[in-house]
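What follows is the residue order along each chain.
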Amino acid sequence: MQESFLIFITKISLYPTIVFTGLVMFVTLYWMVSLLGMADMDTVDIGDASGEGSNLTSSGFVSGLLLKFGLYGVPLIVILSLISLIGWLLSYFYTSFLHQNFDSGILYYLFGTGALIFVLVISMWLTGIIISPIRNKIAKIPRRNAASNIGKIAVVRTLSVTDKHGEVELNDGGAGLILKIRSDVNDGSLKQGDRVMLVEYLEAANTYRVAAVKDK
């Protein structure tokens, strides 16, 4: 048992698997931090679902690449998580069955780098396929009810709220809603557990501008 575990640790530490091992550790840590309310999950906003009017020149190389593989319309951390997990599994199999033929030297890194690029492309392609139905469902969710939340009181769930970061939990009479918020004040006055009022819905960013509610 101990020997098998050591072999497993060795394989996930070899190049190129170590790259995806690091990514898996990163997204795992991010999910833990997010669940604790210390970070929010921003969605990728690089164009509409159809991708019309978007190209490598206007959106940049990375944005264009994401659009090409259909990696948009869902939280970026979800995309990174899927790419990391799929890439980790594929590179682990490569390390286990093929890469062991090269112990070191130029061929080790040459074939390893080739496998890294190939696995990354396959991972992005598979991730695009997986999130496609999710993205389509999200796109069909009407946002007309968003304005109806204006004036309601919610509770901050992140450690702080700034003009670029923040989330609140709104009691809607059911399971509750987690909404992204932004504040014009960046002095750290808004913190976890504070009550705020949703004063404006920013449709382009799908978030709310809030104001602090002073307890009487």
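Residues numbered from 1 in each chain as written. Predicted model: local features only at pLDDT ≥ 70, side-chain atom pairs only at ≥ 80, totals over all residues. Heavy atoms only, no water.

### What to know about the pairing of strand 4 (residues 195-202)
A regular strand carries its side chains on alternate faces of the sheet. Bridge analysis of strand 1 (residues 153-156) against strand 4 gives 3 bridges, and the strand direction is antiparallel. What sits directly across from alanine 154, in strand 4, is valine 196. Where strand 4 meets strand 5 (residues 207-212), 6 bridges bridge the pair, whose relative direction is antiparallel. What sits directly across from valine 196, in strand 5, is alanine 212. Where strand 4 folds back on strand 5, the antiparallel hairpin that results is connected by 4 residues, among which asparagine 206 adopts a positive phi of roughly 55°. (Pairing = 2+ DSSP bridges. Helix = DSSP H or I, 4+ residues; strand = E, 2+ residues; numbered from the N terminus.)

### A short note on the side chain of asparagine 149
Locating asparagine 149 in the fold gives a position in the loop between helix 5 (106-140) and strand 1. Setting aside residues no more than four positions away along its own chain, asparagine 149 makes contact with Leu170, Leu179, Leu198 and Tyr208. (Contact = heavy atoms within 4.5 Å.)

### Details of the sheet that holds strand 5
Read around the closed barrel, the 5 strands follow the order 1-2-3-5-4; overall the barrel is mixed. Ignoring which end each strand starts from, the neighbouring axes of this sheet average 55° apart. (Axes fitted to C-alpha atoms, helices over the stretch in contact; angles between N-to-C directions.)

### What about the nonpolar core?
With 14 residues, the main nonpolar core has Val168, Leu179, Ile181, Val196, Leu198, Tyr208 and Val210 as its most contacted residues. Of all the elements in the fold, those that place two or more residues in this core are strand 1, strand 2 (167-170), strand 3 (177-182), strand 4 and strand 5. Ranked by size, the runner-up nonpolar core spans 9 residues in total, among them Ile12, Phe20, Tyr92 and Tyr108. (Core = buried A, V, L, I, M, F, W, Y, C linked by side-chain atoms within 4.5 Å. Buried < 20%, exposed > 50% of the residue type's maximum accessible area, 1.4 Å probe, protein only.)

### As for the packing of helix 2 (residues 17-35) against helix 4 (residues 76-97)
Contact geometry for helix 2 and helix 4: axes closest at 8 Å, N-to-C directions at 150°. Compared by their axis directions, helix 2 and helix 4 come out roughly antiparallel. Crossing of helix 2 over helix 4 shows left-handed handedness. Mapping the contact onto sequence places Thr17, Phe20, Thr21, Leu23, Val24, Val27, Tyr30 and Trp31 in helix 2 and Ile77, Val78, Leu80, Ser81, Ile83, Ser84, Leu85, Gly87, Trp88, Ser91, Tyr92 and Thr95 in helix 4. For the contact of helix 2 with helix 4, the per-class residue count stands at 13 nonpolar, 7 polar and no charged. (Parallel < 35°, antiparallel > 145°, perpendicular 65-115°, else oblique. Left-handed = near helix turned anticlockwise from the far one by under 90°. Nonpolar A, V, L, I, M, F, W, Y, C, P; charged D, E, K, R; others polar.)

### Brief notes about the packing of aromatic side chains
Scanning the entire structure with this criterion turns up 8 aromatic pairs. Consider the rings of tyrosine 201 and tyrosine 208, whose centres lie 5.0 Å apart with planes at 50°: the pair is tilted. Judged on exposure class, the residue tyrosine 201 and its partner tyrosine 208 are both buried. (Phe/Tyr/Trp six-rings, centres within 6.5 Å; stacked < 30°, edge-to-face > 60°.)

### Focus on the pattern of salt bridges
Counted by the stated rule, this structure contains 4 salt bridges. Here glutamate 167 and arginine 157 are joined by a salt bridge, their closest N and O atoms 2.3 Å apart. Residue glutamate 167 is found in strand 2, and its partner arginine 157 is found in the loop between strand 1 and strand 2; the two are separated by 10 residues along the sequence. Residue glutamate 200 pairs with arginine 209 through a salt bridge whose shortest N-O separation is 2.8 Å. The network of salt bridges with common partners includes Asp184, Glu200 and Arg209. (Salt bridge = Lys/Arg side-chain N within 4 Å of Asp/Glu carboxyl O.)

Shape is all these values report; function is a separate question.
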